[in-house]
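# Structural overview for review
Residue strings, one per chain:
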Amino acid sequence: MKINVTDRAGNALVLDCEEGDRLMDVLAELDLVEATCGGECSCATCQVYVDPGWLARLPAREELEVELLDELLNSNAQSRLACQINLESEMDGLTVTIASAE
Amino acid sequence: MSSAQPVVIIGGGQAAAQLVGSLRSQGYTGRITLICGENTLPYHRPPLSKKYLLGQLPVEKLLIRKPEYYQRLDVRVMLGCPVSAIDRAARSVALDDGTQVDYGRLVIATGGRARGLSLVPEHMTGVHHLRSKADAEALRADVFPGCRVVLVGGGYVGLEVAASLRMLGCEVTVLEAQDRVLGRSAAPPIAEHLVACHTRTGGRIHCGRGVREIRGGAAFSAVVTSDGEEIAADRLVVGIGMTPNSELAEAAGLACENGIVVDENCRTSDPDIHAIGDVACRSIGGDCLRLESVDNAIQTGNIVAADIAGADRPAATAPWFWSDQYDTKLQMVGLAPANAQWVVRPGDGDRLSCFYLRDGRVAAAQCLNAGGDFMVAKRLVAAGRSICPEQLTDSAMALRDL
Ligand SMILES: Cc1cc2nc3c(=O)[nH]c(=O)nc-3n(C[C@H](O)[C@H](O)[C@H](O)COP(=O)(O)OP(=O)(O)OC[C@H]3O[C@@H](n4cnc5c(N)ncnc54)[C@H](O)[C@@H]3O)c2cc1C
Ligand code: FES
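Residues numbered from 1 in each chain as written. Chains lettered and ligands numbered in written order. Predicted model: local features only at pLDDT ≥ 70, side-chain atom pairs only at ≥ 80, totals over all residues. Heavy atoms only, no water.

On to the nonpolar core, then. Side chains that are nonpolar tend, in soluble globular proteins, to be buried together. Core analysis: the largest hydrophobic core is formed by 55 residues, its most contacted members being Leu23, Leu27 and Leu94 of chain A. Among the elements that make up this core, the one with the highest residue count is helix H8 (residues 371-383) of chain B (6 residues). Leaving out residues up to four positions away in the same chain, leucine 23 of chain A has contacts with Ile3, Val48, Ala82, Ile85, Leu87, Leu94 and Val96 of chain A. With 51 residues, the next largest nonpolar core counts Ala16, Leu73, Ala305 and Ala309 of chain B among its residues. (Core = buried A, V, L, I, M, F, W, Y, C linked by side-chain atoms within 4.5 Å. Buried < 20%, exposed > 50% of the residue type's maximum accessible area, 1.4 Å probe, protein only. Helix = DSSP H or I, 4+ residues; strand = E, 2+ residues; numbered from the N terminus. Contact = heavy atoms within 4.5 Å.)

This part covers the sheet that holds strand E10 (residues 148-152) of chain B. Sheet architecture is open: 5 strands sit in the order E9-E16-E10-E11-E12 (chain B), paired in parallel fashion. The open sheet has two edge strands with one neighbour each: strand E9 (127-128) and strand E12 (204-207) of chain B. (Pairing = 2+ DSSP bridges.)

All names here are of chain A. Phi angles above zero are rare outside glycine, and aspartate 31 is one such case at about 55°. Turning to its location among the elements, aspartate 31 is positioned in the loop between helix H1 (23-29) and strand E3 (47-50). Positioned with a positive phi, alanine 35 is a non-glycine residue whose angle comes to about 50°. With respect to the secondary-structure elements, alanine 35 resides in the loop between H1 and E3.

This prediction gives chain B a mean pLDDT of 95; 99% of its residues lie at or above 70. This prediction of the complex comes with two scores: 0.96 for pTM and 0.95 for ipTM. (pLDDT = per-residue confidence, 0-100.)

Right, let's talk about the sheet that holds strand E21 (residues 287-289) of chain B for a bit. Residues and elements named next belong to chain B. Spatially, 3 strands are ordered E18-E20-E21 in an open sheet, and the strand pairing comes out mixed. The open sheet has two free edges, formed respectively by strand E18 (260-262) and E21, since each of these has just one partner strand. Averaged over all adjacent pairs, the angle separating strand axes in this sheet is 30°, with direction ignored. (Axes fitted to C-alpha atoms, helices over the stretch in contact; angles between N-to-C directions.)

A word on the site of ligand 1. Residue and element names in this part refer to chain B. With respect to spatial proximity, 33 residues lie near ligand 1, and among them Glu38, Arg45, Lys50, Arg131 and Asp278 are the closest. At 3.1 Å, a backbone N or O of glutamine 14 approaches an oxygen atom of ligand 1. The separation between an oxygen atom of ligand 1 and a polar side-chain atom of glutamate 38 is 2.6 Å. Coverage of ligand 1 by the protein amounts to 93% of the 1,000 Å² it exposes when considered alone. Of all the elements in the fold, those that place two or more residues in the shell around ligand 1 are helix H1 (14-25), strand E2 (32-36), helix H7 (294-309) and strand E22 (320-325). Split into classes, the residues belonging to the shell around ligand 1 amount to 16 nonpolar, 11 polar and 6 charged. Mapped onto the domain boundaries, the shell around ligand 1 takes at least three residues apiece from domain 1 (7-113 + 242-309) and domain 2 (116-238). (Near = heavy atom within 4 Å. Polar contact = N/O pair within 3.5 Å; in protein donor to acceptor, adjacent residues only side chain to side chain. Areas by Shrake-Rupley, 256 points an atom, 1.4 Å probe, with all protein chains shown as cover. Nonpolar A, V, L, I, M, F, W, Y, C, P; charged D, E, K, R; others polar. Domains from an automatic or database assignment.)

In structure tokens form, the structure reads like this:
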């Protein structure tokens, strides 16, 4: 499956990924996000903005994710932490923009 | 130009992985060789005491980067190859099998090893510690529901292991020699909350009780505490911290004290040799600090990458750390002295945040189940914001509005 990613410099990338990957793993592999805590929902350095059309098709955010995102200065209603998104086959074509590091 | 000098990295943990990525992103195009004693690519250690021990994280998610990453970055990776000596005159390192690898700049990223309990007889079975993936796998394979485990040491790793083993159905008793757990590092109210999480689920934590004797023949069978009680158990886990792997550096004549002594640029007493991560004791503003955290591994990796690539040193950031026990998440930022006076900001339910002010400015914060407070606290510490304690304790006022 493929996902569409706009990196922090504004480059549009099409990335190959596999079902079961966390979105964070795919982005970290290319050093597009820091993902300091390795997906433990502790650092919030893996923030992405999800394309509006895709937002409702992703599993809901859990409490901890919401709490971290709420206090980031650059978060908005489209924000997600990439480590909390497990890629599934229905997410083929998912489109996200990587948020800048705070 | 210095960037053409081949870089050799001893050790392949969190700090080494960060260094290779950072070197390439800083534009360093020279040869990079990563030599690691363990037979696996760099992996995340934090899950070893948490999700990986619980069997909730597949092994492939433990790797920090996939094998292709190192190929793409053109890094020569040598796994299962402990370095046995550094020859500074010849500018090379020697592997166990006699192979020599030449360096222009050498980076020591050897981390540490679990500190042993001298009372434990060599080769006694049923005794564990936790530093590596292999340790975590061995521990998981050796416990069973109802297994009685005594865990010596109430530090972060010890408490995390205690929580995970309890969740795996073990009967867990923690012995902490000091009068409270996390004595050196956590604010007392935070430590009390964590202890309550353990006891609520049936874990036992005894403070002020050390170990006098370890009993058993070939296999461990009991601990005798410093106050004379015998606690019979099936397994012993020793969680009394780590010893930095600085012997190579010492043998090469580099200054070492509580790890390898480095300056702000992570240079050792030999300017062509750096040390990063858990093994490095870095002098910052007169203090020599050896931090054991993912954040520190990443920061020091970035600092050395910039130094080697000839870029400016990255701006200093406040150190931070997290720990997960049961459903409780602790996040902390900044450094506070052991006897710090903490300002406590109460929260709803299990939430709790503590702040340490130095000269009226927020210098450190510890947040329990309060990730939002932690995010704000990181900014407050970074900005060195002066704030009055009454505002911090007023939970009607949102932290972000202060
Ligand atoms: C169980 C556990 C849980 C943790 N939880 C957290 C947490 O929640 N949050 C947090 O911030 N931090 C946590 N930490 C700390 C964090 O994992 C470490 O700070 C970090 O891994 C340090 O990275 P490093 O690269 O310096 O050392 P390491 O990751 O230890 O890597 C060093 C590597 O060097 C190799 N090596 C040693 N000697 C030689 C030699 N002579 N030749 C070749 N190779 C050698 C070792 O085998 C090892 O692979 C935890 C640590 C452990 C053990
Ligand atoms: S990787 Fe740390 S919160 Fe996502």
